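The lines below spell out each chain.
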Amino acid sequence: DTAVSQTPKYLVTQMGNDKSIKCEQNLGHDTMYWYKQDSKKFLKIMFSYNNKELIINETVPNRFSPKSPDKAHLNLHINSLELGDSAVYFCASSSTRASGLQETQYFGPGTRLLVL
Amino acid sequence: TQLLEQSPQFLSIQEGENLTVYCNSSSVFSSLQWYRQEPGEGPVLLVTVVTGGEVKKLKRLTFQFGDARKDSSLHITAAQPGDTGLYLCAGALTGTYKYIFGTGTRLKVLA
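Numbers given to residues run from 1 along each chain, matching the order in which its sequence is written. The order in which chains are written sets their letters, starting at A; the order in which ligands are written sets their numbers, starting at 1. Totals for whole chains, interfaces and linings use every residue, but because this is a predicted model, local features are given only for residues with pLDDT of at least 70 and side-chain atom pairs only at 80 or more, for both listing and counting. Just so you know, side-chain values use all the structure's heavy atoms and leave hydrogens and water out.

A. Summary view of the overall build of chain A. Per the convention used, a helix needs a DSSP run of H or I reaching at least four residues, while a strand needs a run of E reaching at least two, with both numbered from the N terminus. Looking only at helices and strands, chain A features zero helices and eleven strands. For this measure, only C-alpha atoms enter the radius of gyration; the expected value for a globule follows 2.2 Å times N^0.38, where N is the number of residues. On C-alpha atoms alone, chain A measures out to a radius of gyration of 14 Å, which is about the 13 Å that the 2.2 N^0.38 rule sets for 116 residues. Each principal axis of the C-alpha atoms in chain A carries an extent, and together these give about 45 × 30 × 30 Å. Taking all 116 residues of chain A together, 44% fall into the buried category. Considering only contacts within chain A whose residues lie at least 6 apart along the sequence, 55% involve residues at least 24 apart. Summed over all atoms, the accessible surface of chain A reaches about 5,700 Å², with 50% contributed by carbon and sulfur. The positive count covers Lys and Arg only, the negative count covers Asp and Glu only, and His and the chain ends enter neither. By convention, charge coordinates are those of NZ in Lys, CZ in Arg, CG in Asp, or CD in Glu. Taking the average location of the 13 positive side-chain charges in chain A and that of its 11 negative ones, the two points are 5 Å from each other. Exposure is judged per residue with a 1.4 Å probe applied to protein chains only, and the accessible area is read against the type maximum: over 50% gives exposed, under 20% gives buried, and values in between give partly exposed. By the convention used here, residues are in contact when the closest approach between their heavy atoms is within 4.5 Å. Methods summary: accessible areas were calculated by the Shrake-Rupley approach with a probe of 1.4 Å, and residue burial reflects only the protein chains presented.

B. Main features of the packing of aromatic side chains. Residues and elements named next belong to chain B. Side-chain rings of Phe, Tyr and Trp (the six-membered ring for Trp) are treated as a pair once their centres are within 6.5 Å; stacked means planes under 30 degrees apart, edge-to-face means over 60, and tilted covers the remaining angles. Following the criterion strictly, the structure yields nine aromatic pairs over all chains and no others. Ring geometry for Tyr-35 and Phe-101: centres 5.6 Å apart, planes at 40 degrees, overall tilted. Of this pair, Tyr-35 sits in strand 4 (residues 29-37) while Phe-101 sits in strand 10 (residues 99-101), and the two are 66 residues apart along the sequence. Residue class for Tyr-35 comes out buried when judged on its relative accessible area of 0%.

C. Representation of the sheet that holds strand 8 (residues 71-76) of chain B within the structure. Residues and elements named next belong to chain B. Pairing within the open sheet is antiparallel, and its five strands lie in the order 1-3-8-7-6. For this open sheet the edge positions go to strand 1 (5-7) and strand 6 (55-58), each flanked by a neighbour on one side alone. Pairs of neighbouring strands in the sheet enclose a mean axial angle of 15 degrees, with direction left out of account. The pairing of strand 3 (residues 19-24) with strand 8 spans six bridges and is antiparallel. Its bridge partner being in strand 8, Val-21 is matched across the sheet by Leu-74. We call two strands paired when DSSP finds no fewer than two bridges between them. Only the contacting stretch of a helix is used when fitting its axis, a line to C-alpha atoms as for every element, and angles between N-to-C directions run 0 to 180 degrees.

D. Examining the state of the cysteines more closely. When the sulfur atoms of two cysteines come within 2.5 Å, that pair is taken as a disulfide. The full count for this structure, using the stated rule, is two disulfides over all chains. Each disulfide pairs two cysteine sulfurs, and for Cys-23 of chain A the partner residue is Cys-91 of chain A, the sulfurs being separated by 1.9 Å. Where Cys-23 of chain A bonds to Cys-91 of chain A through sulfur, the torsion about that S-S bond is close to -75 degrees, and the disulfide is left-handed. Placement of the pair is Cys-23 of chain A in strand 3 (residues 19-25) and Cys-91 of chain A in strand 9 (residues 87-94), with a sequence separation of 68 residues. Judged by its relative accessible area of 1%, Cys-23 of chain A is buried. Take Cys-91 of chain A: its relative accessible area is 0%, and that puts it in the buried class. Across a sulfur-sulfur distance of 2.0 Å, Cys-23 of chain B and Cys-89 of chain B are joined as a disulfide pair. Looking down the S-S bond of the Cys-23 of chain B and Cys-89 of chain B bridge, the torsion is 80 degrees, so its handedness is right-handed. Of the two residues, Cys-23 of chain B sits in strand 3 while Cys-89 of chain B sits in strand 9 (residues 85-93), which places them 66 residues apart along the sequence.

E. Here's a closer look at the interface of chain B and chain A. Chain B puts 20 residues into the contact, and the matching count from chain A is 26 residues. For this analysis, a salt bridge means a side-chain nitrogen from Lys or Arg found within 4 Å of a carboxyl oxygen belonging to Asp or Glu. Inspection of the chain B/chain A interface yields zero salt bridges. Residues adjacent in sequence count toward polar contacts only when both atoms are side-chain atoms; beyond that, a polar contact is any pair of N or O atoms within 3.5 Å, and within protein one must be able to donate a hydrogen and the other to accept it. Inspection of the chain B/chain A interface yields three residue pairs in polar contact (both at pLDDT 80 or more). Only strand 4, strand 5 (44-49), strand 9 and strand 10 of chain B provide two or more residues apiece to the side of chain B that touches chain A.

F. Fine view of the pairing of strand 6 (residues 53-57) of chain A. Residues and elements named next belong to chain A. Pairing analysis gives four bridges linking strand 5 (residues 43-50) to strand 6, with the strands arranged antiparallel. Looking across to strand 6, one finds that Asn-50 is bridged to Glu-53. The hairpin turn running from strand 5 into strand 6, its antiparallel successor, is two residues long, and Asn-51 in that turn takes a positive phi close to 50 degrees.

Pasting the structure below:
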């Protein structure tokens, strides 16, 4: 069973289109994340949700809108796609200790987005 | 801006050699993780270190967390072609849900 899954794995689209990426985790974790990995392989956090509540929102254009319908799902919708949005997007999840610290993150396989 | 610098950025070595990868920051972390990422896959956790000065061993890999919890190192003994990949360190910022990822080290081990 896949612990953290993402769909689609590949996404090729035209500039200006709107697209969504979906993420699901079956680990029972309460925190989920979206990361962007650029061509230089640098992983940068975009958003994080804890128990469906947005807790991290980095300086990401408002064309990106995350949505968490429940603790096991975190989707990412992107409006008016631009060439610079081309990257690999990773979803991750973790659980929160009683101390408030985060346990280890588990990553999905990534979604490779190419904007033409 | 918090930043985790990894060095070296690229490393190409022969099978059997030893190597060390460094992860440095000016920030203090509550824990630090090391991941390995292979092409077309997501990062996979290798180890988590929590206590300053902690040393953990995973077969031929030795991980150390700095005393001040600002830096870490990964030492590989007798590297094998299967060790090839992108190595990432990630620090959990104290009191937040946030992880900061390092700049990455691309390792290639030649047979």
